[in-house]
Amino acid sequence: MFEIVTKETLPQFEAFVEGHPKGHFLQSNLWAPVKPDWVWKGLLSRGADGQIRGAMSVLIRKVPGVPYKLMYAARGPVCDLDDKDALKDLTDGAAVLAKQYNAYALRIDPDVPSSEEGFIENMKALGYAHHPGDKDFNGIQPCYVFRLDVKDKTEEDLLAAFHSKTRYNLRLS
C-alpha cells in the first residue's frame, strides 16, 4: 500500500532516499525549493513489516495553455528494481495524485541501465510507455550518463589519464 508523505514521515522518506543505492538528490525534498513553480509530493511504499521498500518524489506543474498538469519524478522511483509490489504501490500513489491535481501524465527518468530489461517489462506491465533509442536529450534527463570511477584515485592519477592538451587547459583555467 502506498502513502503520501506528510510532515511526520518526511524524515523517513529523506533517510530512505539518501541511504538507498538508487537514491538521488533529485528525489530529495530539498530539490523542491529549486523548482518554485512546481508542487512537491512524496510517495512511500511499505512492506507488510511496515518498513519502507520504495519512495518517489513527484513534482507537479501546470502546463501553459491547457487546464492540465504534468507530473515528473526525476531519477525516480527509488526502490529495488525487481520489487513489483513497490513499483505498483508508487504507481498507484501517482495515479491518486494525478486525479487530485488533474494531471495528464507522469514522466519518470529512472537511473537504470538500459540493460535492465526486467525493470522495463515491469514498468510496461504497470502501464508505462518506454521510448528506447533516444540517445540525446529528448527526455528531461539524459538517457545515457557516463560515470568516471574516481574512488581511491588522487588528483594526480586523474590528471595523468587525460591527454596532455587537456591537462594543459585544465591547469590554465
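Preceding this section is the structure that the text describes.
First things first, this report covers the structure right here in the doc. Bear in mind the structure is a predicted one, so any value in this text is a computation, not a measurement.

Overview of unusual backbone geometry
Both trends apply: most residues other than glycine have a negative phi, and most peptide bonds are in trans. For the bond from G76 to P77, the omega torsion is 5°, close enough to zero to count as cis. Relative to the assigned elements, P77 resides in the loop between β4 (69–74) and β5 (78–79). One non-glycine residue, R75, lies in positive phi territory at about 55°. Its relative accessible area of 8% is what places R75 among the buried residues. You will see that N102, though not glycine, has its phi angle at about 55°, which is positive. Position of N102 among the secondary structure elements: in the loop between α2 (84–101) and β6 (103–109). Residue classification places N102 among the partly exposed positions, given a relative accessible area of 38%.

Comments concerning helix α1 (residues 10–19)
Residues of α1 that are buried include every one of F13, E14, F16 and V17, and no others. The buried residues of α1 occupy an angular sector of 165° when the element is viewed end-on, so they sit on one face. Set apart from the buried face of α1 by more than 90 degrees, the exposed residues are P11, A15, E18 and G19. Contact partners of the buried residues in α1: β2 (39–46), β3 (52–62) and β5.

A closer look at the pattern of salt bridges
Within this structure, the stated rule accounts for four salt bridges. Between R53 and D89 there is a salt bridge, with the nearest N and O atoms lying 2.7 Å from each other. Of this pair, R53 sits in strand β3 while D89 sits in helix α2, and the two are 36 residues apart along the sequence. Here D92 makes a salt bridge to K88, at a shortest N to O gap of 2.9 Å. Separated by four residues within a single helix, D92 and K88 lie in helix α2, roughly one turn from each other. By relative accessible area, D92 is classed as partly exposed at 30%. Note on K88: relative accessible area 41%, which makes it partly exposed.

What counts, and where the lines are drawn
- Residues numbered from 1 in each chain as written.
- Predicted model: local features only at pLDDT ≥ 70, side-chain atom pairs only at ≥ 80, totals over all residues.
- Heavy atoms only, no water.
- Helix = DSSP H or I, 4+ residues; strand = E, 2+ residues; numbered from the N terminus.
- Buried < 20%, exposed > 50% of the residue type's maximum accessible area, 1.4 Å probe, protein only.
- Arc of directions from axis to C-beta.
- Contact = heavy atoms within 4.5 Å.
- Salt bridge = Lys/Arg side-chain N within 4 Å of Asp/Glu carboxyl O.

Shape descriptors only; they carry no functional weight alone.
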